[in-house]
Amino acid sequence: QVQLVESGGGLVQAGGSLRLSCAASGRTFSYYVMGWFRQAPGKEREFVAHIIWSGGSTYYADSVKGRFTISRDNAKNTVYLQMNSLKPEDTAVYYCAAGRGGSLWKQYDYWGQGTQVTVSS
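Note that this is a predicted model, so its numbers are computed, not measured.

J.: Could you clarify how one ought to interpret the sheet that holds strand 3 (residues 18-26) in this entry?
T.: Working definition: the strands of a sheet are paired by backbone hydrogen bonds and lie parallel or antiparallel to each other. Reading across the sheet, the four strands line up as 1-3-8-7 and stay open at both edges, with antiparallel pairing between neighbours. Both edges of this open sheet fall to strand 1 (2-7) and strand 7 (68-73), since each of them pairs with a single strand only. Taken pair by pair, the neighbouring strands of this sheet meet at an average axis angle of 20°, ignoring direction. Where strand 7 lies against strand 8 (residues 78-83), six bridges are found, and the strand directions are antiparallel. Residue Arg72 lies in a different strand from strand 8, and its bridge partner there is Val79.

J.: Explain the side chain of Asp90 here, please?
T.: Position of Asp90 relative to the elements: it lies in the loop between strand 8 and strand 9 (92-99). At a separation of 2.8 Å, a polar atom in the side chain of Asp90 contacts the side chain of Arg67. Among residues more than four places away in sequence, those in contact with Asp90 are Arg38, Arg67, Phe68, Ser85, Val117 and Val119.

J.: When you look at the state of the cysteines in this model, what are you seeing that I'm missing?
T.: Defined simply, a disulfide is a covalent bond joining two cysteines at their sulfur atoms. The final tally for this structure, using the stated rule, is one disulfide. Across a sulfur-sulfur distance of 2.0 Å, Cys22 and Cys96 are joined as a disulfide pair. The chirality of the disulfide connecting Cys22 with Cys96 is left-handed, given an S-S dihedral of about -75°. Here Cys22 is found in strand 3, whereas its partner Cys96 is found in strand 9, with 74 residues between them in sequence. A relative accessible area of 0% places Cys96 in the buried class.

J.: Explain the nonpolar core to me, please; I cannot follow it from the model alone.
T.: General note: in soluble globular proteins, nonpolar side chains tend to be found buried as a group. In this structure, Leu4, Met34, Trp36, Leu81, Met83 and Tyr94 are the most contacted members of the largest nonpolar core, which totals 36 residues. Each residue touching Tyr94, except ones within four places of it in the same chain, is listed here: Glu6, Leu20, Trp36, Phe37, Arg38, Val48, Phe68, Leu81, Met83, Gly114, Thr115 and Val117.

J.: When you look at the environment of Arg19 in this model, what are you seeing that I'm missing?
T.: Within the secondary structure, Arg19 sits in strand 3. The exposure class of Arg19 is partly exposed, given its relative accessible area of 46%. Along the sequence, Arg19 and Val93 sit 74 residues apart, while their C-alpha atoms lie 14 Å from each other.

J.: Sorry, what's going on with the pairing of strand 8 here?
T.: Across a regular strand the side chains alternate sides, sitting on one face of the sheet and then on the other. In terms of residue burial, strand 8 counts as a mostly covered element, since five of its six residues are buried. The loop that links strand 7 with its antiparallel partner strand 8 comprises four residues; one of these, Asn77, has a positive phi angle of about 50°.

Rules used in this analysis
In every chain, residue numbers begin from 1 and rise along the written sequence. Totals for whole chains, interfaces and linings use every residue, but because this is a predicted model, local features are given only for residues with pLDDT of at least 70 and side-chain atom pairs only at 80 or more, for both listing and counting. For side-chain calculations, the full set of non-hydrogen atoms in the structure is used, while hydrogens and water are omitted. What makes two strands pair is DSSP finding at least two bridges between them. Going along the chain from the N terminus, every DSSP run of H or I of four or more residues is numbered as a helix, and every run of E of two or more is numbered as a strand. An axis is simply a line fitted to the C-alpha atoms; with a helix, the fit covers only the stretch in contact. Between two such axes, the angle follows the N-to-C directions and lies from 0 to 180 degrees. Here a polar contact means two N or O atoms within 3.5 Å. Within protein one must be a hydrogen donor candidate and the other an acceptor candidate, and residues neighboring in sequence count only if both atoms are side-chain atoms. Whether two residues are in contact is decided by their heavy atoms: any pair within 4.5 Å suffices. Here, two cysteine sulfur atoms that lie within 2.5 Å of each other are counted as a disulfide. Summary of the burial criterion: residues with accessible area below 20% of their type's maximum are buried, those above 50% are exposed, and those between are partly exposed, where the area comes from a 1.4 Å probe applied to protein chains only. Put simply, a nonpolar core is a bunch of buried Ala, Val, Leu, Ile, Met, Phe, Trp, Tyr and Cys residues held in one set by side-chain atoms that sit within 4.5 Å of each other.

Structure below.
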């Protein structure tokens, strides 16, 4: 089992920044891919970014490329999502996930509880 706990969400004005954190614990997760997804009210869960824990390779959705950065701190077992130049359409609950990787939520086995991000215009 892998436990994931997100933090760092909140309310921010358009153009602002937030950094989300995902603390991981439990069985070894060094071979997992860690992903961030988001879900806005009435919409499907959407891929944001992922990082390969062991090698650090990253991949982003086109909608956040150039604005968001995913990273990890091996010593702290934590994955981050730095979000800059936020837009109102970034408003959603953001989820951290661990799994086999890819851009589909079904490819991930473990999920955090989510953290709300609200961007005001």
